[in-house]
Amino acid sequence: MNDVAATDKGSVRGGGSGRVGGAVRSVGRALHLPVTGTARGIRRVTHAHGAGESGLGKLIELHAVNGAGDVMITVALASTVFFSVPTDEARGRVALYLAITMAPFTVLAPVIGPLLDRLPHGRRAAMAGAMLARALLALIISGAVANGSLELYPAALGVLVASKAYGVVRSAVVPRLLPPAFSLVKANSRVTLAGLLATGVAAPIGAGLHALGDPWPLYGAFVIFAAGTFLSFSLPRKVDSAKGEDVALLAADEQHLHGERRKQQARRPGLRTVGPAVTHALAANAALRCLSGFLIFFLAFLLREHPLTGESAAVSLGIVGVAAGAGNALGTAVGAWLKSKAPEIIIVTVVAVALGTAVVAAVFFGAFLVACLAAVAGFAQALAKLSLDALIQRDVPEQVRTSAFARSETLLQMAWVFGGAVGIVMPLNGTLGLAVAAAFVAAGWLSTLRGLLASARHGGRTRARVA
């Protein structure tokens, strides 16, 4: 009887503890489900349509991490100085900003691009290094923000350099992760769209952290970039070595291999020898970047002195900024939706649309048309850049592809700075300013139209030439 009673008591205790344990597990599952469910949902989206099998899904996730980290640093460094000083002084400060934005590109094209081309089997490590560098620089900036140290400025420039280095490597590896059903434009769009979405999610989080104190968004950036460092190495090994590449290298005769390498290094093609499609696409993109830089700075000063009807200067700029951002996001989303359109045709079309909108906005200058032009400019720039990346990935030999991306980014940044510089010195006359903007786009469109259409008719068969 005693044994039975003890057993009954143990059963009661066991049943009670089992019910408590079950309740704890249920609460744990309830709390865990939103996180795991969200993660599974994101994974289903990023790995859809063969992107998971090819490895593109992991690159999409890595680029989302990159976008989230970058926006944290941007939020931390944002200020309202533009509205706190007179217009003439603001012009000088903005001109200095334009000069500073060119600093990372002084090493991107001549140094970083060629260096990464000579390390084709270290691309995962290169992306991880760019992530780790920004993580450490975020900590340095957080200390500089707290005590007002001059370390802030070189560290911020270092972040820009690392960000651009990551970008050119990321663009160069997309062809190695391309799913069978994807066009290059579509793949580039998926990656870019993930970055934009992550930026939209991280921006309010960064703003909330900023409310706790100036360094907090930088601490968030450190955590994000540290995670990105490890995530870089989760990319497939073919990012560093294409299928069959190592076998071919082992089978090659060593002396012949060294001779071929010397010949390739002596005959490395530059942007002038990569074929007409890339050079014409680059010129068209430069016109759109020039338009973008011009509109940003010209409208910033114009709307400051002459806001949109019934709105303050800050609200007016906000309306134009939201329109441009929405257009950019829409262009990226359309690129992800497109099936297999020729990149050349996409570029010709979007530049023509931007030109027509700029002409109409100049002739019938008004608040609505200014917002429309900002949206169309963002849309056209996004789609044209995705198409340019696709042409470089398609037509440029892999041994110099990273250099080509670095050079194209540098030239496009120069075009943006040139447009911005013109926007700074322009008289604050809306009709005149938008007429100048239309002239920029017209020059780019008319000079590249024939070449891009000819390339599209040939089906992109014109490949890079080695001089």
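Heads up: these notes are all about the structure in this document. Just so it is clear, the model here is predicted, and its values are computed rather than measured.

Criteria and cut-off values
- Residues numbered from 1 in each chain as written.
- Predicted model: local features only at pLDDT ≥ 70, side-chain atom pairs only at ≥ 80, totals over all residues.
- Heavy atoms only, no water.
- Helix = DSSP H or I, 4+ residues; strand = E, 2+ residues; numbered from the N terminus.
- Buried < 20%, exposed > 50% of the residue type's maximum accessible area, 1.4 Å probe, protein only.
- Contact = heavy atoms within 4.5 Å.
- Areas by Shrake-Rupley, 256 points an atom, 1.4 Å probe, with all protein chains shown as cover.
- Core = buried A, V, L, I, M, F, W, Y, C linked by side-chain atoms within 4.5 Å.
- Expected span 1.5 Å × (residues − 1).
- Salt bridge = Lys/Arg side-chain N within 4 Å of Asp/Glu carboxyl O.
- Polar contact = N/O pair within 3.5 Å; in protein donor to acceptor, adjacent residues only side chain to side chain.
- Axes fitted to C-alpha atoms, helices over the stretch in contact; angles between N-to-C directions.
- Parallel < 35°, antiparallel > 145°, perpendicular 65-115°, else oblique.
- Left-handed = near helix turned anticlockwise from the far one by under 90°.
- Phe/Tyr/Trp six-rings, centres within 6.5 Å; stacked < 30°, edge-to-face > 60°.

1. Some thoughts on the overall build of the protein
Thought 1: When you go through the protein residue by residue, the secondary structure sums to 18 helices and 0 strands.
Thought 2: Looking at the protein residue by residue over its 467 residues, the buried ones come to 47%.
Thought 3: Considering only contacts within the protein whose residues lie at least 6 apart along the sequence, 86% involve residues at least 24 apart.
Thought 4: Carbon and sulfur atoms make up 68% of the accessible area of the protein, which totals about 22200 Å².

2. Observations concerning the nonpolar core
Thought 1: Counting 99 residues, the largest nonpolar core has Leu59, Met127 and Leu295 as its most contacted members.
Thought 2: Considering each element in turn, this core owes the most residues, 14 residues, to helix 13 (residues 276-305).
Thought 3: The contact partners of Met127, leaving out residues within four places of it in the chain, are Leu59, Leu62, Tyr166, Val169, Arg170, Val173, Ser232, Leu235 and Val239.
Thought 4: In terms of nonpolar packing, the next biggest core, distinct from the first, is built from 5 residues, Phe297, Phe301, Trp416 and Val417 among them.

3. Side note on the side chain of Asn285
Thought 1: Summarising the element assignment, Asn285 is placed in helix 13.
Thought 2: Classification of Asn285 as buried rests on a relative accessible area of 3%.
Thought 3: Setting aside chain neighbours within four positions, we find Asn285 in contact with Ile347, Gln381, Ala384, Lys385, Leu388 and Leu412.

4. A look at helix 3 (residues 56-77)
Thought 1: In a regular helix each residue adds 1.5 Å, so 22 residues correspond to 32 Å; helix 3 covers 32 Å between its end C-alpha atoms and thus fits that length.
Thought 2: Buried residues dominate helix 3, accounting for 18 of its 22 residues.

5. Thoughts on the pattern of salt bridges
Thought 1: Scanning all chains against the criterion turns up 5 salt bridges.
Thought 2: Residue Glu344 is joined to Arg394 by a salt bridge in which the shortest nitrogen-to-oxygen separation is 3.0 Å. Taken together, the positions of Glu344 in helix 15 (residues 343-363) and Arg394 in helix 16 (residues 367-395) put the pair 50 residues apart, joining distant regions of the chain.
Thought 3: Put simply, Glu344, Arg394 and Asp395 are held in one network by salt bridges that share partners.

6. Remarks on the side chain of Glu344
Thought 1: Given the relative accessible area of 1%, Glu344 is considered buried.
Thought 2: Of note is the side chain of Glu344, whose polar atom sits 2.7 Å from the side chain of Ser455.

7. Thoughts on the packing of helix 8 (residues 152-173) against helix 17 (residues 401-425)
Thought 1: With their axes 9 Å apart at the nearest point, helix 8 and helix 17 run at an angle of 130° to one another. Between helix 8 and helix 17, the crossing angle belongs to the class labelled oblique. The interaxial crossing formed by helix 8 with helix 17 has right-handed handedness. Residues Val168, Ser171 and Ala172 of helix 8 pack against Arg401, Thr402, Phe405, Ala406 and Glu409 of helix 17.

8. Quick word on the packing of aromatic side chains
Thought 1: A full pass over the atoms with the stated rule returns 5 aromatic pairs.
Thought 2: Between Phe294 and Phe298, the aromatic rings sit 5.1 Å apart at their centres with planes inclined by 15°, giving stacked as the arrangement. Placement of the pair is Phe294 and Phe298 together in helix 13, with a separation of 4 residues, close to one helical turn. Per residue, the accessibility class of Phe294 equals that of Phe298, and both read buried.
Thought 3: Pairing Phe294 with Phe440 gives two aromatic rings, centres 5.8 Å apart and planes at 75°, and the pair type is edge-to-face. Here the residue Phe294 occupies a position in helix 13, and Phe440 occupies one in helix 18 (residues 430-457), the gap between them amounting to 146 residues.

9. What to know about the environment of Phe440
Thought 1: Exposure remark for Phe440: the relative accessible area of 17% places this residue in the buried category.
Thought 2: Separated by 146 residues in the primary sequence, Phe440 and Phe294 place their C-alpha atoms 9.4 Å from one another.
Thought 3: Discounting residues that sit within four places of it in the chain, Phe440 has contacts with Ala287, Cys290, Phe294, Phe418 and Val422.

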